[in-house]
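# Coordinates in review
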Amino acid sequence: MRIKAAHLTRKGAIEWRSHEPSRIETFSDAAFAFALTLIIVSIEVPKSFDDLMETMKGTLSFAVCFALLFNIWNSQNIFFRRYGLNDSYITALNAILLFVVLIYTYPLKFLFELVFSQTQTYKLNGKELPMIHEGQINTLMLIYGAGFIAIYSLFYLMYRHAQKQAHALKLTPVELYETKTATNINLVCICICLLPTLAVIIAPVYSANFGFAYFLIPVSYFVWFSYRGRKRRRLFSEG
């Protein structure tokens, strides 16, 4: 049994125009569930306590992957709840989004296992081998950057389409303002993701240091929404 999505309204928020999941959303939920399965599918049931402890070492990397996938799913869910758009353009963009999510599941898992690994090695036939060679780090950063740019670009295009459908959706001035806010934060995130990606191409020797640029994403969310919130209250005379 499906529970209707609850919408906690606040002054200035976009009214939810869809409360029942459509077929495209149901399919999307299945795709995200499959992506999570891919993250843990290689984990076998521990046969000893030592195996159990070795398995538990991957908890942190799984938690980060889960948080990132959940954030993408939640962003997609909010979009469909807000606008209820299911035209061919949105369907195509959503299909590409799901494709990117599924393709990047293993790279994502590998990246965070690499980050949280103490030795950054793995065993093969009793031999310890490096998980990644120095010359492969730039390629990994390019793959990772391309994935994030693709995801934020798709959300940007989806919100841009919602803006163009403002009349058909009967968006109020406040709702249109909030839609533009959501559109532009995705554009800001695209620019942030371009920094380390371009660094790999322009200055490959120092590119690893630019990976910290991704931490600017949550900061940009806070700054952008704080600024747009103050401006909204001023423009629309909110308390």
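Residues numbered from 1 in each chain as written. Predicted model: local features only at pLDDT ≥ 70, side-chain atom pairs only at ≥ 80, totals over all residues. Heavy atoms only, no water.

## A few points about helix α4 (residues 88-103)
As a reminder of what qualifies: We count a stretch as a helix when DSSP gives it H or I for four or more residues in a row; a strand needs E for two or more, and each element gets its number in order from the N terminus. Each residue after the first adds 1.5 Å to the expected span of a helix. Relative accessibility thresholds used throughout: buried, under 20% of the residue-type maximum; exposed, over 50%; partly exposed, between the two (1.4 Å probe, protein chains only). What the arc describes is the spread of directions from the helix axis to the C-beta atoms. For this analysis, residues touch if any pair of their heavy atoms sits within 4.5 Å. Two N or O atoms form a polar contact when they lie within 3.5 Å of each other; inside protein one atom must be a possible hydrogen donor and the other a possible acceptor, and for residues adjacent in sequence the pair counts only when both atoms belong to side chains.
In a regular helix each residue adds 1.5 Å, so 16 residues correspond to 22 Å; α4 covers 22 Å between its end C-alpha atoms and thus fits that length. Burial in α4 covers these residues: I90, L93, N94, L97, L98, V100 and V101. Each buried residue of α4 lies within a common arc of 160 degrees when the element is viewed along its axis, so the set occupies one face. Among the exposed residues of α4, those pointing more than 90 degrees away from its buried face are S88 and F99. On its buried side, α4 packs onto α1 (23-40), α3 (59-83), α5 (105-116) and α6 (137-164). Two or three places before Y89, at the start of α4, stands the capping residue D87, its side-chain oxygen 3.2 Å from that residue's backbone nitrogen.

## As for the nonpolar core
The cut-off we apply is this: Buried residues of nine kinds, namely Ala, Val, Leu, Ile, Met, Phe, Trp, Tyr and Cys, make up a nonpolar core once their side-chain atoms join them within 4.5 Å.
With 48 residues, the main nonpolar core has F79 and Y83 as its most contacted residues. By residue number, the principal contributor to this core is α6, which donates 11 residues. Among all residues touching Y83, those that are not within four sequence positions of it are I14, R17, Y159, A162, L169, L171 and T179.

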